[in-house]
Amino acid sequence: MKEYTFTQINRECGSVLDDAMKQPVTLCKNGKPKIVMIPYEAYEEASNNQAAYKLGEEPPEVSALLDEGLDNILKDDD
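Quick caveat: nothing in here was measured; it's all calculated off a predicted structure. (Residues numbered from 1 in each chain as written. Predicted model: local features only at pLDDT ≥ 70, side-chain atom pairs only at ≥ 80, totals over all residues. Heavy atoms only, no water.)

Here's the deal with the overall build of the protein
Heads up, the condition is: Each helix corresponds to a stretch of at least 4 residues labelled H or I by DSSP, and each strand to a stretch of at least 2 residues labelled E; elements are numbered beginning at the N terminus. Our radius of gyration looks at C-alpha atoms and nothing else; its globule reference is 2.2 Å times the residue count to the power 0.38.
When you go through the protein residue by residue, the secondary structure sums to four helices and three strands. Going from the N terminus to the C terminus, the protein shows its helices and strands as β-α-α-β-β-α-α. Over its C-alpha trace the protein gives a radius of gyration of 18 Å, far above what one expects of a compact globule, namely 12 Å for 78 residues. Seen along its three principal axes, the alpha-carbon backbone of the protein occupies a region of about 50 × 35 × 20 Å.

What about the sheet that holds strand β3 (residues 32-37)?
Note the cut-off: Here the rule is simple: two strands pair whenever DSSP picks up at least two bridges between them. Lines are fitted to the C-alpha atoms to define the axes, a helix being fitted only along its stretch in contact, and any angle between axes, read from their N-to-C directions, falls within 0 to 180 degrees.
One open sheet accounts for three strands, arranged β1-β2-β3; its pairing is mixed. Here the strands that pair on one side only, and so sit at the sheet edges, are β1 (2-5) and β3. Between one strand axis and the next, the sheet turns through 35° on average, direction left out of account.

Re unusual backbone geometry
Of note in this structure, Asn-30 is not a glycine but carries a positive phi near 55°. Structurally, the position occupied by Asn-30 is in the loop between β2 (25-29) and β3.

Description of a nonpolar patch on the surface
To keep things clear, this is the line we draw: Patch membership requires more than 30% relative accessible area and the absence of a salt bridge. Residues of like charge join within 9 Å; the nonpolar side chains Val, Leu, Ile, Met, Phe, Trp and Tyr join within 5 Å. Exposure was quantified through the Shrake-Rupley algorithm and a 1.4 Å probe, taking into account, for residues, occlusion by the shown protein chains and nothing else. The salt bridge definition used is simple: a Lys or Arg side-chain nitrogen within 4 Å of an Asp or Glu carboxyl oxygen.
Taken together, the side chains of Met-1, Val-36, Ile-38, Tyr-40 and Tyr-43 make up a nonpolar region of the molecular surface, amounting to roughly 570 Å² of accessible area. Among the secondary structure elements, Val-36 is positioned in strand β3.

Considering the side chain of Thr-26
Test applied: Under the scheme applied here, a residue whose accessible area is under 20% of the maximum for its type counts as buried, over 50% as exposed, and between as partly exposed, the area being computed with a 1.4 Å probe on protein chains only.
Examined against the element boundaries, Thr-26 turns out to sit in strand β2. Thr-26 gets classed as buried once you look at its relative accessible area, which sits at 6%.

Let's talk about the state of the cysteines
As a reminder, the rule being used: The rule for a disulfide is simple: a pair of cysteine sulfur atoms within 2.5 Å.
Scanning all chains against the criterion turns up zero disulfides. The thiol of Cys-28 is not disulfide-bonded; the next cysteine sulfur, from Cys-13, is found 16 Å away. Taking relative accessible area as the criterion, Cys-28 reaches 8% and is therefore assigned buried.

A short note on helix α2 (residues 13-20)
For an α-helix, 3.6 residues make a turn, and residues three or four places apart therefore share a direction. What counts, and what does not: What the arc describes is the spread of directions from the helix axis to the C-beta atoms. It only takes one pair of heavy atoms within 4.5 Å for two residues to be counted as in contact.
The set of residues buried in α2 consists of Val-16, Asp-19 and Ala-20. Looking straight down α2, one finds its buried side chains confined to an arc of 100°; they lie on one side. Buried residues along α2 sit against β1, α1 (6-11), β2 and β3.

See the structure below:
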C-alpha cells in the first residue's frame, strides 16, 4: 500500500488521488497512519459483505473460518 504524508497530499493531490483510484492509499501524519483512501468499488464491496451473528448461531462455513483463524493464531503463539 502506498503511503503519503498530509504535506504530500497538499502538494501532489492529483497524483495521490490517481493512486487511490487504483489501490488503497494510506495518509500519514507525524509518521503515523491516519486515513486510508480506497477506490469506491472496494468500499462498496467491503460495506456490502458485512454480517453479524450471535455466538452459536453462525452458519457452519463461518464457524469453520473462525476455528481455522483461531488455530492459526494459536500456532503463531508457539
